[in-house]
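A look at the structure
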Amino acid sequence: MCADRGHPDTGFGVRYLVGRYADGYLQRSGQVRGYSHLIWQGRHVAEVTQLTATEAAGFWLDVVDAARAVQAVCRPVTVNLSVLGNGLPHLHAHVIPRYAVGDPRPGRPLPHRYLDQGTQDEEQVARCAADLVTYLAKPRDGDDVPVT
């Protein structure tokens, strides 16, 4: 994951958010439209607890921007956020949309195989990434106004 930082396409995902603290990548893997990773772009850390207060606030603001974009573009019922430090030793967050139709475990954690197994249609991934970029480029009314 360290080597993938800052690239517009990692092979695993297409970058749609260039944040101050983290970049957002729409994943090709799995079966969930809008599934993304936010990869920390600063000095190497494995855990969110290793960040300064300023870094942590900035990281989470980038994660929230990505989640809002996925919510607006993909229209899931909700978006789950997850930070898991035990799998890959580089700070990253998962943005996991949950849909009313086709969700294998409503109200419970999604089995990891739905995020890792299979490959999504490349045209759909490219179109979704472009829509996320367009959404994020739009001016918003203010930083304190939630997106609905």
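All of the points below concern the structure found in this document. This one's a predicted model, so the numbers in the text were calculated from it and none came from an experiment.

A word on the packing of aromatic side chains
Tallying each qualifying case throughout the model produces three aromatic pairs. Ring centres 6.1 Å apart and planes at 70 degrees place the aromatic pair W40 and F59 in the edge-to-face group. With W40 in strand 3 (residues 36–40) and F59 in helix 1 (residues 53–74), the pair connects residues that are 19 residues apart, well separated along the chain. Neither residue differs from the other here; W40 and F59 are each classed as buried. Ring geometry for F59 versus W60: centroids 5.4 Å apart, planes at 70 degrees, classification edge-to-face. The class of F59 is buried, set by a relative accessible area of 0%. Pairwise contacts between aromatic rings join Y21, W40, F59 and W60 into one cluster.

A look at helix 1
In a regular helix each residue adds 1.5 Å, so 22 residues correspond to 32 Å; helix 1 covers 31 Å between its end C-alpha atoms and thus fits that length. Residues of helix 1 that are buried in the fold lie against strand 1 (13–18), strand 2 (22–27), strand 3, strand 4 (78–82), strand 5 (92–98) and helix 3 (122–137). Looking one or two residues beyond helix 1, the residue adopting positive phi is R75, at roughly 55 degrees.

Quick notes on the rules
- Residues numbered from 1 in each chain as written.
- Predicted model: local features only at pLDDT ≥ 70, side-chain atom pairs only at ≥ 80, totals over all residues.
- Heavy atoms only, no water.
- Phe/Tyr/Trp six-rings, centres within 6.5 Å; stacked < 30°, edge-to-face > 60°.
- Helix = DSSP H or I, 4+ residues; strand = E, 2+ residues; numbered from the N terminus.
- Buried < 20%, exposed > 50% of the residue type's maximum accessible area, 1.4 Å probe, protein only.
- Expected span 1.5 Å × (residues − 1).
- Contact = heavy atoms within 4.5 Å.

Any functional reading would require information beyond the geometric quantities listed.
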